[in-house]
Amino acid sequence: MPEPALTMARELADELIGGRAGDWDLAGRVPSEVLRTLGARGLLCAQVPAAYGGPGLGSRDGGEFTAHVGSRCSSLRSVMTSQGMAAWTIQRLGGPGQRAAHLPRLVGGDLAAVGFSEDEAGSDLAAMTSEIRRDGDTVVLTGHKKWVTAAAYADLLVIVAKDGDGAAAVLVPATAPGVTVEPVAAPLGCRAAGHADVRFDQVRLAADAVLGGGGQPLPLLVTTALAYGRMSVAWGCVGILRACLAATTAHAGSRRQFGKPLAEHQLIGRHLAELYVAERSATRACEHASDCWDASSPDVVVATVLAKHVSAGGAARGAASAVQVMASAGARDDHVVARAYRDTKLMEIIEGSSEICQLILARHALTGS
Ligand code: FAD
């Protein structure tokens, strides 16, 4: 996307979000017209190629737009992550007919979510029990997914399930008979991201709902979708760090205690320096991962895990520092640093928890794989 178009995208997001992110967080819902307006411009999954009607952003421009939205509203950014992950999964795993049928929908206003996790299959996705069964020219999906971001808004669910000895990603209309969507009550953070548990009770679908025909290795499906999700979450955390840095430096520069601005107290200066280092490190890690993505480099998997780990950890520590510096001025549920504090804790859990990222990075350090 040329720079003027990126500027217009940022301006539209600013206009739609305004100062309402705190209210949406408290209400637990982003207004439908906000999601549909951004969705219909293709801006919830802005990397979808122009051939399918999308904005066709590269990973770096897409990341900067994701950071911009993330700096203002992590719930909306979470919906973007899900939509982008769904589109990427269809783009990578779908056949030509599936891409042509579904990608234009996702840049035309329809909303999507991606479900892997189950009660007994969180970090260990190989333990999933949801499955599809073949029945003539149909498939039947049975199972239960939990904590699916944006499922409460979604028209289309991309569900990963066992398929014989392998696995499959299946496209399920949210209104299909046998689908039940139950919103997660009172999430810690990203409260307006539409998290929901979803049940599939003998959901019968046409065989062409199975991306690429199915029967693929589960790690391939999971790695494909999570690579996009990790990149998007990492850039979202960059945005959170930028928002925390802006709020904290403004406050520390103007608020006076003991006869001078807070910023002139060295212990507060240390908090500001740590926030700055976290923002710069996360940005650099994301830029590197996005450059690997845009160059189709084989290093992209590790670079993406590294970016997610650095950004989520830095954002969680940075948001805690921001609340500390703001103190009572930021200690309200709807304040940007308070939301950041709650939202960033969740960023250390999703798309591969900090521990799972560390295991992947340790294996890479040991073996290069
Ligand atoms: P567990 O797997 O039970 O892990 C508990 C703890 O043990 C964690 O700290 C974990 O890091 C650690 N742990 C686990 N295994 C190991 C190990 N081998 N070594 C060391 N430590 C380990 N799922 C979806 O499918 N789609 C979504 O859109 C989605 N969105 C989410 C949004 C939010 C805000 C949250 C909180 C969750 C979301 N999830 C989603 C689910 C998410 O993917 C899981 O929560 C995550 O994979 C962790 O699984 P778990 O919660 O079952 O924790």
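Residues numbered from 1 in each chain as written. Predicted model: local features only at pLDDT ≥ 70, side-chain atom pairs only at ≥ 80, totals over all residues. Heavy atoms only, no water.

### Comments concerning the pattern of salt bridges
Definition in use: The working definition used for a salt bridge is a side-chain nitrogen of Lys or Arg within 4 Å of a carboxyl oxygen of Asp or Glu. Here a helix means four or more residues in a row that DSSP labels H or I, a strand means two or more in a row labelled E, and each is numbered from the N terminus. The buried label goes to any residue with under 20% of its type's maximum accessible area, the exposed label to any with over 50%, and the partly exposed label to all in between, with areas taken from a 1.4 Å probe on protein chains only.
All chains considered together, the criterion is met by 18 salt bridges. Between Glu 118 and Lys 145 there is a salt bridge, with its nearest N and O atoms 2.8 Å apart. Of the two residues, Glu 118 is situated in the loop between β1 (112–115) and β2 (131–135) and Lys 145 in strand β3 (residues 138–148); the sequence distance between them amounts to 27 residues. Measuring nitrogen to oxygen at the nearest pair gives 3.3 Å for the salt bridge that ties Asp 334 to Arg 332. Its relative accessible area of 31% is what places Asp 334 among the partly exposed residues. Note on Arg 332: relative accessible area 45%, which makes it partly exposed.

### Comments concerning the side chain of Thr 138
In plain terms, the rule: N or O atoms closer than or at 3.5 Å make up a polar contact, with two conditions inside protein: a donor-capable atom paired with an acceptor-capable one, and, for residues adjacent in sequence, both atoms drawn from side chains. In this description, contact between two residues means that some pair of their heavy atoms is separated by no more than 4.5 Å.
Looking at the element boundaries, Thr 138 is found in strand β3. A distance of 2.9 Å separates the side chain of Thr 138 from the side chain of Arg 204, its partner in a polar contact. Setting aside chain neighbours within four positions, we find Thr 138 in contact with Arg 133, Arg 204, Leu 205, Ala 206 and Ala 207.

### Overview of the nonpolar core
Our working rule: Put simply, a nonpolar core is a bunch of buried Ala, Val, Leu, Ile, Met, Phe, Trp, Tyr and Cys residues held in one set by side-chain atoms that sit within 4.5 Å of each other.
Membership of the largest hydrophobic core comes to 65 residues, with the highest contact counts inside it found for Ile 90, Leu 106, Phe 116, Val 160, Cys 244, Trp 293 and Met 347. Considering every element that reaches this core, the biggest residue donor is helix α7 (residues 218–254), with 18 residues. Membership of the second largest hydrophobic core comes to 49 residues, among which are Leu 44, Val 148, Ala 150 and Ala 154.

### Digging into the pairing of β2
What counts here: Strand pairing is assigned whenever DSSP detects at least two bridges linking the two strands.
Bridge count between β2 and β3: five bridges; the pairing is antiparallel. Within β3, the residue paired with Glu 131 across the bridge is Thr 142. Hairpin geometry of β2 and β3 is characterised by an intervening segment of two residues between the two adjacent antiparallel strands and by a positive phi of about 60° at Gly 136.

### Topic: the layout of surface pockets
Under the convention used in this document: Both site types are read off a 1 Å grid over the protein atoms alone. A 1.4 Å probe that fits but cannot get out defines a cavity, while an open set with protein on both sides within 12 Å along at least five of seven lines defines a pocket; lining residues have an atom within 4 Å of a point. Grid points are joined across faces, edges and corners, and a volume is the space filled by probe spheres set on the points. When residues are grouped by polarity, Ala, Val, Leu, Ile, Met, Phe, Trp, Tyr, Cys and Pro land in nonpolar, Asp, Glu, Lys and Arg in charged, and all others, Gly among them, in polar.
A volume near 1,200 Å³ is recorded for the largest pocket. Forming the boundary of the largest pocket are 41 residues, of which Ser 117, Gly 122, Leu 226, Glu 351 and Gly 352 lie nearest the centre. When contributions to the lining of the largest pocket are tallied by element, the ones reaching two or more residues are α5 (74–93), β1, β3, α7, α9 (300–326), α10 (336–347) and α11 (354–367). It is α7 that contributes the most residues to the lining of the largest pocket, seven residues altogether. Looking at side-chain class alone, the lining of the largest pocket contains 22 nonpolar, 13 polar and six charged residues. Empty space within the second largest pocket amounts to approximately 350 Å³. Lining the second largest pocket are 17 residues, with Trp 88, Arg 92, Ala 227, Trp 293 and Val 300 sitting closest to its centre. Counting only elements with at least two residues in the lining of the second largest pocket, the list comes to α5, α7, α8 (266–294) and α9.

### Quick word on the domain arrangement of the chain
Convention followed: The start and end points of each domain follow an automatic or database-based domain assignment. Throughout, the accessible surface (probe 1.4 Å) given up by two parts as they are put together, summed over both, is called the buried area.
Structurally, the chain comprises domain 1 (3–106), domain 2 (112–216) and domain 3 (219–367). Distance between the C-alpha centres of domain 1 and domain 2: 21 Å. Contact residues are listed per partner, giving 25 residues for domain 1 and 22 residues for domain 2. Both sides of the domain 1 and domain 2 interface together cover about 1,900 Å² of buried area, and 62% of this is carbon and sulfur. Across the salt bridge formed by Asp 155 and Arg 36, the nearest N and O atoms sit 2.9 Å from each other. For the interface between domain 1 and domain 2, the tally reads 11 residue pairs in polar contact (both at pLDDT 80 or more). Sorting the residues of the side of domain 1 that touches domain 2 by element identifies α2 (21–27), α3 (32–40), α5 and α6 (96–106) as the ones contributing at least two each. Ranked by the residues each element gives to the side of domain 1 that touches domain 2, the list is headed by α5, at 11 residues.

### With respect to unusual backbone geometry
Negative phi characterises most residues that are not glycine, and trans characterises most peptide bonds. Look at Trp 147: it is not a glycine, yet its phi comes out positive at around 55°. Along the chain, Trp 147 falls in strand β3. Given a relative accessible area of 39%, Trp 147 falls into the partly exposed group. One non-glycine residue, Ala 327, adopts positive backbone phi at about 50°. Position of Ala 327 relative to the elements: it lies in the loop between α9 and α10.

### Overview of α8
Note the threshold: Expected helix span is given by 1.5 Å per residue-to-residue step, counting one fewer step than there are residues.
Here α8 spans 41 Å end to end across 29 residues, near enough to the 42 Å set by a 1.5 Å rise per residue. A positive phi of about 50° marks Ser 296, the residue just after α8.

### Re the packing of α8 against α9
Using the following cut-off: Lines fitted to the C-alpha atoms define the axes, with helices restricted to the stretch that makes contact. Angles between their N-to-C directions range from 0 to 180 degrees. Note on angle classes: values under 35 degrees are labelled roughly parallel, values over 145 roughly antiparallel, values of 65 to 115 roughly perpendicular, and the remainder oblique. We call a crossing left-handed when the near helix sits turned anticlockwise from the far one by less than a right angle, and right-handed when that turn is clockwise.
Look at α8 against α9: their axes get within 8 Å of each other, and the N-to-C directions meet at 160°. By the angle between their directions, the pair α8 and α9 is classed as roughly antiparallel. Relative to α9, the crossing made by α8 is left-handed. Per-class residue counts for the contact of α8 with α9 are 15 nonpolar, nine polar and one charged.

### Structural notes on the site of the ligand
We count it as follows: Think of it this way: one heavy atom of a residue within 4 Å of a molecule or strand is enough to make that residue near it. Here the open area of atoms and residues is found with the Shrake-Rupley method and a 1.4 Å probe, where only the protein chains shown may cover a residue. Molecules are considered to sit inside a cavity or pocket once more than half of their atoms lie within 2 Å of its grid points.
If you check the shell around the ligand, you find 17 residues, and the closest are Phe 116, Ser 117, Ser 123, Ser 353 and Glu 355. The contact in question runs from a nitrogen atom of the ligand to an N or O atom on the backbone of Val 114, over 2.9 Å. A distance of 2.7 Å is found between a nitrogen atom of the ligand and a side-chain nitrogen or oxygen belonging to Ser 117. A total of 980 Å² of accessible area belongs to the ligand in isolation, and the protein chains cover 65% of it. Mapping the ligand onto the cavity grids shows that it belongs to the largest pocket.

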